[in-house]
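Letter by letter, the chains look like this.
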Amino acid sequence: MATGIVRYWAAAKEAAGVAEESFDAATLDDLMTKITQNRAELARVVRRCSFLVDGTPVGKRPHDEVVLADGVTVEVLPPFAGG
């Protein structure tokens, strides 16, 4: 089990009600389950988000295969609009 910080951006920040929070989780899938528990709006937003783990894009990798290390920072990035 790793401990770290999850940072929310844009709509994810609004849905979470905080800019960041600490966590204990072994994988990205485990983290997503924990942060969306009893937070329906955040769960809705997170489904459309991309993620960075210590600055590295997760991309299409299955979240249960993304193992989190101690001290990790996970960024939750909603789709951005603009030109």
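Above this note sits the structure.
Residues numbered from 1 in each chain as written. Predicted model: local features only at pLDDT ≥ 70, side-chain atom pairs only at ≥ 80, totals over all residues. Heavy atoms only, no water.

Trainee: Explain the pairing of strand β1 (residues 2–8) to me, please; I cannot follow it from the model alone.
Mentor: Working note: regular strand, side chains alternate between the two faces of the sheet. Of the two faces of β1, the one holding A2, G4, V6 and Y8 is buried and the one holding T3, I5 and R7 is not buried anywhere. The pairing of β1 with strand β2 (residues 20–25) spans 6 bridges and is classified as antiparallel. Paired with T3 across the strands is D24, a residue of β2. When β1 meets strand β5 (residues 72–77), the two strands line up parallel, connected through 5 bridges. Residue pairing in the sheet places V6 in a bridge with V74 of β5. (Buried < 20%, exposed > 50% of the residue type's maximum accessible area, 1.4 Å probe, protein only. Helix = DSSP H or I, 4+ residues; strand = E, 2+ residues; numbered from the N terminus. Pairing = 2+ DSSP bridges.)

Trainee: Sorry if this is basic, but what is going on with the side chain of T73 here?
Mentor: Positionally, T73 belongs in strand β5. Sequence-distant contacts of T73, defined by excluding residues within four places in its chain, comprise I5, R7, L52, V53 and D54. (Contact = heavy atoms within 4.5 Å.)

Trainee: Just to check I follow, could you spell out unusual backbone geometry for this structure?
Mentor: The phi dihedral of A10 is positive, around 55 degrees, even though this residue is not glycine. Checked against the element boundaries, A10 lands in the loop between β1 and α1 (11–16).

Trainee: Help me understand the environment of Y8, please; the structure alone is not making it clear to me.
Mentor: Structurally, Y8 can be placed in strand β1. For the pair Y8 and V18, spaced 10 residues apart in sequence, the C-alpha to C-alpha distance is 7.5 Å. Sequence-distant contacts of Y8, defined by excluding residues within four places in its chain, comprise K13, A16, V18, A19, E20, E21, I35, R39, L42 and V76.

Trainee: Looking at this structure, I do not really get helix α2 (residues 28–36). What am I missing?
Mentor: Working note: α-helix, 3.6 residues per turn, so residues spaced by three or four point in the same direction. Looking at α2, one finds that the buried residues are L28, L31, M32, I35 and T36. In a view along the axis of α2, the buried residues occupy a sector of 115 degrees, so they form one face of it. In the core, the buried residues of α2 are packed alongside β1, β2, α3 (40–46), β3 (50–53) and β5. (Arc of directions from axis to C-beta.)

Trainee: What is the right way to read the sheet that holds strand β4 (residues 56–57) from this model?
Mentor: Within a beta sheet, neighbouring strands are joined by backbone hydrogen bonds and run either parallel or antiparallel to one another. Strand order in the open sheet formed by 5 strands is β2-β1-β5-β3-β4, with mixed pairing between adjacent strands. Edge positions in the sheet fall to β2 and β4, since each has one partner strand and no second. Across the sheet, α2 is in contact with β1, β2, β3 and β5; its angle to β2 comes to roughly 125 degrees. (Axes fitted to C-alpha atoms, helices over the stretch in contact; angles between N-to-C directions.)

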